[in-house]
Amino acid sequence: MDFRIRPPKPDDFKDVFRMVTELSLLDKSPDLQISREELKQDLFCETPFLQCLIAEVPAHCKTWEGHTTVAYTLFTNAYCTWNGRAVYLGDFYVMPECRGKGVGRALLSTVAKVGKEQHCAIMLTEMRGNTPLIDFYIAKGGEDLTVTERRHFLRFDGDALDKLAQEAPQCT
Amino acid sequence: MANFNLRKAQPNDVPDILRLIKELAKYEEMEEKVILTEKDLLEDGFGDHPFYHCIVAEVPGEQQKREHHAVIGFAMYYFTYDPWIGKLLYLEDFFVMEEYRGFGIGSQILKHLSHMAVKTRCSSMHFIVAESNKPSIEFYKRRGASDLSLEEGWRLFKIDKKHLLKMSVEE
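All values derive from a computational prediction rather than experimental measurement. (Residues numbered from 1 in each chain as written. Chains lettered and ligands numbered in written order. Predicted model: local features only at pLDDT ≥ 70, side-chain atom pairs only at ≥ 80, totals over all residues. Heavy atoms only, no water.)

Caption draft 1: Local environment of the overall build of chain B. Tallying secondary structure elements over chain B gives 6 helices and 7 strands in all. Starting at the N terminus and walking to the C terminus, you meet the elements of chain B as β-α-α-β-β-β-α-β-α-β-α-β-α. Taken over C-alpha atoms, the radius of gyration comes to 17 Å for chain B, in line with the 16 Å a tight globule of 171 residues would show. Along the first, second and third principal axes, the C-alpha set of chain B runs to 60 × 35 × 30 Å. Within chain B, the proportion of its 171 residues that are buried is 53%. If you take every contact in chain B between residues at least 6 apart in sequence, the share linking residues at least 24 apart comes to 59%. (Helix = DSSP H or I, 4+ residues; strand = E, 2+ residues; numbered from the N terminus. Rg over C-alpha atoms; globule rule 2.2 N^0.38 Å. Buried < 20%, exposed > 50% of the residue type's maximum accessible area, 1.4 Å probe, protein only. Contact = heavy atoms within 4.5 Å.)

Caption draft 2: A look at helix 4 (residues 134-142) of chain B. All names here are of chain B. Those residues of helix 4 lying buried are Ile-137, Phe-139 and Tyr-140. The buried residues of helix 4 occupy an angular sector of 160° when the element is viewed end-on, so they sit on one face. Relative to its buried face, helix 4 has exposed residues pointing more than 90 degrees away, namely Lys-134, Pro-135 and Arg-142. (Arc of directions from axis to C-beta.)

Caption draft 3: View of the pairing of strand 2 (residues 53-58) of chain B. All names here are of chain B. With 4 bridges connecting them, strand 1 (residues 5-8) and strand 2 associate as antiparallel partners. Residue pairing in the sheet places Lys-8 in a bridge with Ile-55 of strand 2. In this structure, strand 2 lies alongside strand 3 (residues 71-82), joined through 6 bridges in antiparallel fashion. Within strand 3, the position partnered with Glu-58 by the bridge is Val-71. (Pairing = 2+ DSSP bridges.)

Caption draft 4: Local environment of the interface of chain A and chain B. Listed by partner, the interface residues are 74 residues for chain A and 78 residues for chain B. A combined buried area of about 7700 Å² lies between chain A and chain B, and 60% of that area is made up of carbon and sulfur atoms. Our enumeration of links across chain A and chain B arrives at 3 salt bridges. Across the contact surface, chain A and chain B share 10 residue pairs in polar contact (both at pLDDT 80 or more). A class-by-class count of the residues in the side of chain A that touches chain B yields 35 nonpolar, 19 polar and 20 charged. Here strand 5 (residues 122-128) of chain A runs beside strand 7 (residues 154-159) of chain B; their pairing, made up of 6 bridges, is antiparallel. Counterpart to Met-127 of chain A in the pairing with strand 7 of chain B is Arg-155 of chain B. (Buried area = accessible area lost by both parts, 1.4 Å probe. Salt bridge = Lys/Arg side-chain N within 4 Å of Asp/Glu carboxyl O. Polar contact = N/O pair within 3.5 Å; in protein donor to acceptor, adjacent residues only side chain to side chain. Nonpolar A, V, L, I, M, F, W, Y, C, P; charged D, E, K, R; others polar.)

Caption draft 5: Representation of the layout of surface pockets. Residue and element names in this part refer to chain B. Put simply, the second largest pocket is a space of about 790 Å³. Forming the walls of the second largest pocket are 39 residues, and the residues nearest its centre are Leu-24, Glu-28, Phe-94, Asn-133 and Tyr-140. For the lining of the second largest pocket, the per-class residue count stands at 23 nonpolar, 8 polar and 8 charged. (1 Å grid on protein atoms, 1.4 Å probe; cavity = no way out; pocket = protein on both sides within 12 Å on 5 of 7 lines; lining within 4 Å. Points joined across faces, edges and corners; volume = space filled by probe spheres on them.)

Caption draft 6: Spatial organisation of the sheet that holds strand 4 (residues 84-94) of chain A. The strand order 1(A)-2(A)-3(A)-4(A)-5(A)-7(B)-6(A) describes an open sheet built from 7 strands, whose pairing is mixed. Where the open sheet ends on each side, the last strands, each with one partner, are strand 1 (4-6) and strand 6 (142-144) of chain A. Taken pair by pair, the neighbouring strands of this sheet meet at an average axis angle of 25°, ignoring direction. (Axes fitted to C-alpha atoms, helices over the stretch in contact; angles between N-to-C directions.)

Caption draft 7: How the structure looks around the packing of aromatic side chains. Going through the model one piece at a time under the given rule, you end up with 15 aromatic pairs over all chains. With a centroid separation of 6.5 Å and an interplanar angle of 80°, the aromatic rings of Phe-13 of chain A and Phe-44 of chain A are classed as edge-to-face. Here the residue Phe-13 of chain A occupies a position in helix 1 (residues 13-27), and Phe-44 of chain A occupies one in helix 2 (residues 36-44), the gap between them amounting to 31 residues. We classify Phe-13 of chain A as buried; its relative accessible area is 4%. Of the residues examined, Phe-44 of chain A reaches a relative accessible area of 26% and is grouped as partly exposed. Ring geometry for Phe-94 of chain B against Phe-139 of chain B: centres 6.1 Å apart, planes inclined by 50°, an arrangement best described as tilted. With Phe-94 of chain B in strand 4 (residues 86-96) and Phe-139 of chain B in helix 4, this residue pair connects regions lying 45 residues apart in the sequence. A connected cluster of aromatic rings, assembled from ring pairs, spans Phe-94, Phe-127, Phe-139 and Tyr-140 of chain B. (Phe/Tyr/Trp six-rings, centres within 6.5 Å; stacked < 30°, edge-to-face > 60°.)

See the structure below:
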């Protein structure tokens, strides 16, 4: 299948948001906690909070519902005190009807290329469930640190974060 | 011991930051995995495009213990993003030297980080802890953290440089 990987422009946002929503429905994620406008702003402001790549097919390959933007990934820079600069891979999604055609592989390779240009030593991501995406990452050399190094992923959010923040001292 | 000061790290703190990174790695029995150098830390934290942010805890001269180090704790963090919830603060490393524990320094660092997270419009603070580090897991859980690996099955994956380079040249 013919396709192109590129960063999105503001006009592409409606497709990015469509796919973010599709992925969250598949993942059974809870409701959106930020507004669509906030996400658009965070993606396209002068110093964006995250990076994005999309996969685009030519018009004659458009999907059943007529879309030509068929995959996306979101990632940020990160840092590992053992290795240094890292890429933190967030959302990674290829529309189901476009899978198995090399789009996912090309998307991940392009993230790796961006990481290489930014002198990143490793890529990190968090996953759950036993999904084909985990198998895909492992096939590409991914190591499950929760298994090999027994590392657990913890979170403070909502009330727990607010409560802790209220107790913070002044910092000079 | 009562007096300590939390502040934003400066470039001249880099030798202490690396020292504490290595101490934490040693505590987790992973000391040989730290390949980062002072030069990397300086460029990556204090250049035009910082990859991390760092706060340090220091004690005044009369309270310094081992080898007269003034910087006795640190926390290193950066910001990531989840399109569903927005900005997140990711706590990469967090450590207080053994002889300075039990005085509330760690607790104050964590509170400061939470305040920073809320102030910068982060909805969540995430971090990774080794399963064997039971004191730290308990410390965080007492303060309201959820263990997403246990509760929701989240796992951390890493792809290393060798495989990243290989992927980056794939067609």
